[in-house]
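Commentary on secondary and tertiary structure
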Amino acid sequence: MSTAMDARARHLLKALVESYIADGQPVGSRQLARDAGLNVSAATVRNVMADLEDEGYLCAPHTSAGRVPTDLGYRFFIDALLHLVPLSPASSQLLLRRIGAHAPDADQVLHAATVVLSELTHMAGFVRVPRRAMRILRHVDFIAVRERQILAILVTDKGEVENRLIHTDRPMGAGELVQAANFFNATFTGKPLHEVTQSLHRELRQSRHEMDLILRSAMELGEDMLEMDQQRMLIEGEFQLLDLPDLAGGERLRELLEAVHRKRDLVNLLDASMLGSGVRIFVGNESGFAPLADCSLVTAPYVLDGEVAGVLGVIGPMRMPYQDIIPLVDNTARLLGHALSLPS
């Protein structure tokens, strides 16, 4: 059945997954025979369900005689049986209102996209903030805010201003910071940020002990500043996951919330999902990320200047209404890319 599932089995699997997504209750053969709309007996349905279980599409919870979909069952449902529902006019209008059809402040529109995804799904919405790797460095300033904290201000050729709070190993005076910024600007202004990052890694690896203090400080501050840019991710509504019965109360949920707070591993997963085009869905263990084993991740890339700049989506239980969430994530990604591409 795994290579060529017949029409009856497909119909019954679709009906079972839709029923389980709707009410969260394991589905028995009598209920499925009644709800599926096929003129077959409960015994026939029971045999088909047994075959589906043998193939790995269904499993039986210990507390019930009914069946629920496995990761593989959800995957087959999404790939072969799912009928998407067009985004409702109300949701479309809300997206337009929140993300905007006018020139936005980039940080505000990224935050708005994250919030609206969470509000419309009642799950965790996220946006991978665009990397600035292809932008050209125009100017950098370093300003002391506390004894061992430096505010780095980076300006790109597009007029984007980015602030980074950097923690240092030692106090640095105002004069020293001015010298560091002057050196950094004289060396790297006009270069793409990815080239600046590569140069910093190379120079610091080869010459860290030979540099004078100002040069080394400038290089290390710049490296810290650009390294932080690689890990930027906005997430909203993660605590809504606490209210979802499929996830609530388990050790896995605690691990997931910790991973969301830490972000680094999630960022790496999202960066991998940017390599494809269109909506991508990771069901359960497909992500290869243990804290997501009980979850699904629905993602879509957004495009700036003809290139994929980031990815957005939602994290929720595997038992989610994919037919609604996939179009929502897809449309949000398109609108976000359009809004960020508008002239400021």
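Reference entry: report on the structure contained in this document. (Residues numbered from 1 in each chain as written. Predicted model: local features only at pLDDT ≥ 70, side-chain atom pairs only at ≥ 80, totals over all residues. Heavy atoms only, no water.)

1. Observations regarding the packing of aromatic side chains
Enumeration according to the criterion identifies four aromatic pairs in this entry. Aromatic side chains Tyr57 and Phe76 sit 5.6 Å apart centroid to centroid with 70° between the ring planes, which places their arrangement in the edge-to-face category. In this pair, Tyr57 sits in the loop between α3 (42–54) and β1 (58–59) while Phe76 sits in helix α4 (residues 71–81), placing the two residues 19 residues apart along the sequence. Residue Phe76 is classed as buried on the basis of its relative accessible area of 18%. Measuring from ring centre to ring centre gives 6.2 Å for Tyr74 and Tyr322, while their planes differ by 55°; the resulting arrangement is tilted. With a gap of 248 residues between them, Tyr74 in helix α4 and Tyr322 in helix α12 (residues 322–341) connect regions that are remote in the sequence. Residue Tyr74 is classed as buried on the basis of its relative accessible area, which comes to 2%. In this structure an aromatic cluster arises from ring pairing among Phe142, Phe184 and Phe188. One Lys or Arg, Arg319, reaches over the ring of Tyr20 and ends 5.9 Å from the middle of that ring. (Phe/Tyr/Trp six-rings, centres within 6.5 Å; stacked < 30°, edge-to-face > 60°. Helix = DSSP H or I, 4+ residues; strand = E, 2+ residues; numbered from the N terminus. Buried < 20%, exposed > 50% of the residue type's maximum accessible area, 1.4 Å probe, protein only. Lys NZ or Arg CZ within 6 Å of the ring centre and 35° of its normal.)

2. As for the sheet that holds strand β4 (residues 137–146)
The strand order β4-β5-β6 describes an open sheet built from three strands, whose pairing is antiparallel. Where the open sheet ends on each side, the last strands, each with one partner, are β4 and β6 (161–167). Within the sheet, the average angular offset between the axes of one strand and its neighbour, ignoring direction, is 20°. Relative to β6, strand β5 (residues 149–156) is paired through seven bridges, and the arrangement is antiparallel. Bridge pairing links Val155 to Val161 in β6. Along the sheet, helix α7 (residues 174–188) makes contact with β4 and β5, crossing β4 at roughly 165°. (Pairing = 2+ DSSP bridges. Axes fitted to C-alpha atoms, helices over the stretch in contact; angles between N-to-C directions. Contact = heavy atoms within 4.5 Å.)

3. Thoughts on the side chain of Asn185
Here Asn185 lies in helix α7. The exposure class assigned to Asn185 is buried, which follows from its relative accessible area of 12%. Once residues within four sequence positions are removed from consideration, Asn185 is found in contact with His139 and Val140.

4. Observations regarding the sheet that holds strand β3 (residues 124–128)
The strand order across the open sheet formed by five strands is β7-β3-β10-β9-β8, and the pairing between neighbours is antiparallel. The open sheet terminates on both sides in strands that have one partner only, identified here as β7 (233–236) and β8 (280–283). The average undirected angle you get between the axes of adjacent strands in this sheet is 20°. Sheet topology places strand β9 (residues 295–304) next to strand β10 (residues 307–317); 10 bridges connect them, and they run antiparallel. Of the residues in β10, the one forming a bridge with Thr299 is Gly313.

5. Description of the nonpolar core
Side chains of nonpolar character tend, in soluble globular proteins, to be buried together. Ranked by size, the top nonpolar core spans 84 residues in total, and within it Leu13, Leu292, Tyr302, Ile315, Tyr322 and Leu336 carry the most contacts. When residues in this core are grouped by element, the largest group, 10 residues, is from α12. With 16 residues, the next largest nonpolar core counts Leu137, Val140, Phe188 and Val196 among its residues. (Core = buried A, V, L, I, M, F, W, Y, C linked by side-chain atoms within 4.5 Å.)

6. Some details on the side chain of Ser287
Along the chain, Ser287 turns up in the loop between β8 and β9. Ser287 gets classed as buried once you look at its relative accessible area, which sits at 13%. In terms of polar contacts, Ser287 uses its side chain to reach the backbone amide nitrogen of Phe289, at 3.2 Å. Those residues within four positions of Ser287 in sequence are excluded, and the remaining contacts are Leu269, Phe282 and Leu292. (Polar contact = N/O pair within 3.5 Å; in protein donor to acceptor, adjacent residues only side chain to side chain.)

7. A few points about a nonpolar patch on the surface
On the surface, Ile143, Val145 and Leu165 cluster together to form a nonpolar patch covering roughly 230 Å² of accessible area. If you trace the backbone, Ile143 turns up in strand β4. For Ile143, a relative accessible area of 40% gives the class partly exposed. (Patch = residues over 30% accessible without salt bridge, like charges linked within 9 Å, V, L, I, M, F, W, Y side chains within 5 Å. Areas by Shrake-Rupley, 256 points an atom, 1.4 Å probe, with all protein chains shown as cover. Salt bridge = Lys/Arg side-chain N within 4 Å of Asp/Glu carboxyl O.)

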